[in-house]
Amino acid sequence: MINRRDFLGGTVAALAVAGSRHPVWALARTTAPNDASMIPLLLGVDYYPDQTPESLWEEDARMMADFGITNVRIAEFAWALMEPSEGKFDFAWLKRSVDILNKHNIAIILGTPSASPPPWLTVTYPEVVEVDAQGLPLHPGGRRFTCPTNKTYRRLSLAVASQMARTFAETPGVVGWQIDNELTLSGSPRCYCNFCRAGFQDWLRAKYGKLDTLNQAWGTVFWSQTYTDFAQIPLPLSSGGDPNPGLALDYDRYQSYANVSFLEEQLTMLRKVCPRHFVTTNNVGLVDYINQRDLYAKLDFVAFDNYPGFFKMHLHQQAKSENVTWDPVLTSTAMSHDIGRSLQGRPFVIMEEQSGKAGQRMFSPQPEKGQLRLWTYQAVAHGAMGVNYFRWDTATFGAEEYWHGILNHDRSPSPGFDEIKQTIKELKALGREVLESQYVADAAVIFDYDSDWAVQIQPQHYQLTYMSQVTAWYGAISPSHTGIDVIVPGAELAPYKIVVAPLPYVLSEAQAQKIREFVRAGGTFVAGFRLGAKNEFSQIVRTPLPGPVRDIMGVTVEDYVPLYWEKPGVKFSGALAGPDGQCGIWADVLKPETAEVLATYSSSEHSGKAAITRNSFGKGKAIYVGADLDPASLSRVLQTLAASAGVQSMMELPRGIEMTVRQGGGKRWIFLMNQKPEPQAVKLAKPGTDLLTGQARSGEIELSAYGVQVLRLS
Ligand SMILES: [Zn+2]
C-alpha cells in the first residue's frame, strides 16, 4: 500500500533531482519491494480494464506483477462508463480495478477522460464539437472532436474529472493523474467555431488593450481591414485571399492558450482535491500545435508518447528523405526526448512507449529484435525517469484494435514480450547512481513556436517547413555526442557553449538582447537563413536584415532568394575549408560589414557573394549560415563550429551509434546505443565498466545489432 509517508520518507534526494511535487521515483521503491527497492524509475504499462472482461483483471494484475512493472496508467478514455448519463456517476468498476492492481503492488496513474466525450453529451450539446479550417463542424464518433474553448464542454469535462478526483483522492494505490490525452492531436488541430472567435476577441482585448494598438501591430490598413470594434475581428478562415499574417499568428497563439487553459482548469481542481498526487499530461514529442513550454509550465513533470516506428513508416512514404547523412529515426526520437527533458530541465516520463506494431488504419512495422530494448534505453539515456509501454493487452475491437501491446489478441505473449520483460529487469539492476545522474548539455538548439507557426502561415517556398529545418540542424549537430538541449527562445543561454537557431524567422528585441548578451560573454551563436525577418507581431522589420541582430552578426542581408530549378554551389574557405557543397531551396545573400566570409555561392547570379559569415562580437562568435546547405555540408559546418566552441565528442563513433553522457557525484557514465540492424565496433577512448555485467571494458568493443552498452568510466 502506498501512503503519504512512503511517498515522502527517505526520498529527499530523489525529490531534489526530480523537482516534483511528489517524488515519482519513490514509487518504484514503494510499489515493488522485492527487487525494485533501489530503482528510481517508473516502469509501467498503459492498461484498459474498461476494455477487458472483469474476469481477467486479477490475472492481468498478477501477470503484470510477475512481469516486473511498477505502475499502470488507466481510464483516460472511459467517460461513458464513469458517467453513463449526465450527472449520474459510476466509479465502482474503476475502484474494483484499482483495488486489484494495488493488491499486487502496482501503482495507478488515473487519466481524466475529457478526450472522448460520450454520445449522450454530444446529442444533448451538439455545439461542443470542433469546427475545422474549412469552417465545417467535426462529427462525434472518433475522439478529440471537441472545442477547447466551449464552456459546456469545459464544465462537463471538469465535472467528471472532479467527481473522479473526489472518489480517488484517498484510494490506496493511486499516485497521480494524467489530464486528458494528447491535446490537439486530431485531424484538425485548431478549432474555428464561434466560441473560439469570441474567445479570441477577448484574448486580443486583454493582449492589446486598445484597438489602435492592434491595428498598428497587424498593419490592418492593408486591404481595408481596420477594426473599430473587437467584435469585428474574424477568424483566419477561407476569405478569398490569405489572412493578415499578424492575425493568423495570434490565432495560433490563442489556440495554444485555449488548450493550456482548458488543461489548467482540471489542474487547479486536482491540486485542491488531490494535493498528494502528481499531475501531468501526455503530448507527442514533435507535435507542434501547442507551445509545450506553456503546456507543462505548472505540471509536476513532462510526460509524452514515443512511437519511433511511425517515423520509419513516415520515411518510407517519403523515400526522398532517406538521402540524408544523419539517421532520421534516431534523430527524431532523440530530439523528442531532448525536447521533453529541456521543457522543464528535469527528468521526464514516457507515458506511452511503442511495444509492437502500432497504428489505426495502417500500422508501423513490428519492431525488430532489440529495438524495443534500444528505445527504452534511449529514453533513459536522454533523462527519462519512467517508461510506460503501450499497451498491456491488445484490444479486439475499436479503432485501435491493431495497436499491438505486450499481449496478443489471444493473450499470448507478443513478439516483444520477453524483450520488454528482460529490459525492465536490466533497468532495475542499473543502480540508483546512474539513474539519478544528470544529463549535461553543452549545445542547445532553439525551437521557436512563433517561427514555426509563422512559417506554416507563410512557407515562402512550398518545401520549406520549420520542423524539417530544426530536425536537419539537430541531426547535423547531434554527432557531437556532448548533449543537446532543445530550448525556447526566452530560455537562459549562458549554460551552453554553442546555441544554434535554424530558420529564426520571428525574433523580438528581447530575444535579440539575450543573444547579444550570450555572444558578448563568449558564446557561439549560429543562425540559419531568414534570421530576424519578422518581429513578434509578424510584421517585417523596417531595418536592413538581419534586423535586431545586425550588430551581432556583422552582416547585412543583400537579398533573400527562394530557389527552385537553380541549385547554386557553395565554396567553403578559412575555418570551414573543405569539399564544395550545394544550396537547396533558399539562399540569403550576405554582405559582410565586420564579419569574415567562410563560404561563398559559387554559381548562379550571386556567384562570389557571401553564403556563410562569422563575426567576432565581444568575447564570442556569431555565425550566419545564409545557405540552405545540403545535409553533408550542414553536418560538417555545424560540427566544425561546435568543435571550435569546445563542443566535441570524447570519442570517434561510427554513424548510427548514439552516445549520451550522464554525470553526478564525481562519476561519469556513457550510454552507447547501436541504432543499426548490424553489429558495429566502437573504439573506447577511455576504459570503463559494463554496468550490466560488471566486466572491465577497454579498446575496441562490439555492439550487437540494436545493442546497448552502459559503461561507468574509470
Ligand atoms: Zn472552438
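Our subject in this report is the structure included herewith. Keep in mind that this is a model prediction, so the values were computed, not measured.

Calculation criteria
Residues numbered from 1 in each chain as written. Predicted model: local features only at pLDDT ≥ 70, side-chain atom pairs only at ≥ 80, totals over all residues. Heavy atoms only, no water. Helix = DSSP H or I, 4+ residues; strand = E, 2+ residues; numbered from the N terminus. Buried < 20%, exposed > 50% of the residue type's maximum accessible area, 1.4 Å probe, protein only. Contact = heavy atoms within 4.5 Å. Areas by Shrake-Rupley, 256 points an atom, 1.4 Å probe, with all protein chains shown as cover. Lys, Arg positive; Asp, Glu negative; His and termini not counted. Charge placed at Lys NZ, Arg CZ, Asp CG, Glu CD. Salt bridge = Lys/Arg side-chain N within 4 Å of Asp/Glu carboxyl O. Pairing = 2+ DSSP bridges. Axes fitted to C-alpha atoms, helices over the stretch in contact; angles between N-to-C directions. Parallel < 35°, antiparallel > 145°, perpendicular 65-115°, else oblique. Left-handed = near helix turned anticlockwise from the far one by under 90°. Nonpolar A, V, L, I, M, F, W, Y, C, P; charged D, E, K, R; others polar.

### Digging into the overall build of the protein
Line of reasoning, step 1. The secondary structure content of the protein amounts to 22 helices and 28 strands.
Line of reasoning, step 2. Its C-alpha atoms put the protein at 75 × 70 × 45 Å along the principal axes.
Line of reasoning, step 3. In the protein, which comprises 714 residues, the proportion classed as buried is 61%.
Line of reasoning, step 4. Nonlocal contacts in the protein, meaning residues at least 24 apart in sequence, comprise 71% of its contacts between residues at least 6 apart.
Line of reasoning, step 5. Surface summary for the protein: the accessible area is close to 27,200 Å², and the carbon and sulfur share equals 53%.
Line of reasoning, step 6. Across the protein, 66 positive and 73 negative side-chain charges occur, with their mean positions spaced 5 Å apart.

### Looking at the pattern of salt bridges
Line of reasoning, step 1. A full pass over the atoms with the stated rule returns 35 salt bridges.
Line of reasoning, step 2. Residue E182 is joined to R143 by a salt bridge in which the shortest nitrogen-to-oxygen separation is 2.8 Å. With a gap of 39 residues between them, E182 in the loop between β4 (174-178) and α9 (194-208) and R143 in the loop between α7 (119-124) and α8 (151-168) connect regions that are remote in the sequence.
Line of reasoning, step 3. You can call E182 buried: its relative accessible area is 6%.

### Focus on the sheet that holds strand β9 (residues 384-390)
Line of reasoning, step 1. Strand order across the open sheet formed by nine strands is β5-β4-β3-β2-β1-β9-β8-β7-β6, with parallel pairing between neighbours. Strands at the two margins of the open sheet, each flanked by one partner only, are β5 (278-280) and β6 (282-284). On average, adjacent strands in this sheet sit at an angle of 30° to one another, irrespective of strand direction.
Line of reasoning, step 2. Examined bridge by bridge, β4 and β5 share three bridges and lie parallel to one another. In the strand pairing of β5, W177 is matched with V279.

### Some points on the packing of helix α19 (residues 466-477) against helix α22 (residues 631-644)
Angle between the axes and distance between the axes are the two parameters that describe a pair of packed helices.
Line of reasoning, step 1. Two elements in contact, α19 and α22, have axes separated by 8 Å at closest approach and are oriented at 60°. Considered as vectors, α19 and α22 are oriented oblique to each other. Regarding α19 and α22, the two cross each other, and that crossing is right-handed. Residues A472, W473, A476 and I477 of α19 form the contact with α22, whose participating residues are L634, S635, L638, Q639 and A642.

### Here we look at the packing of α9 against helix α11 (residues 245-273)
Line of reasoning, step 1. As a packed pair, α9 and α11 sit with axes 10 Å apart at the nearest point and diverge in direction by 105°. In terms of orientation, α9 lies roughly perpendicular with respect to α11. Residues C196, G199, F200, W203, L204, K207 and Y208 of α9 form the contact with α11, whose own contacting residues are L247, D250, Y251, R253, Y254, Q255 and Y257.
Line of reasoning, step 2. In the contact of α9 with α11, the residues fall into nine nonpolar, two polar and three charged.

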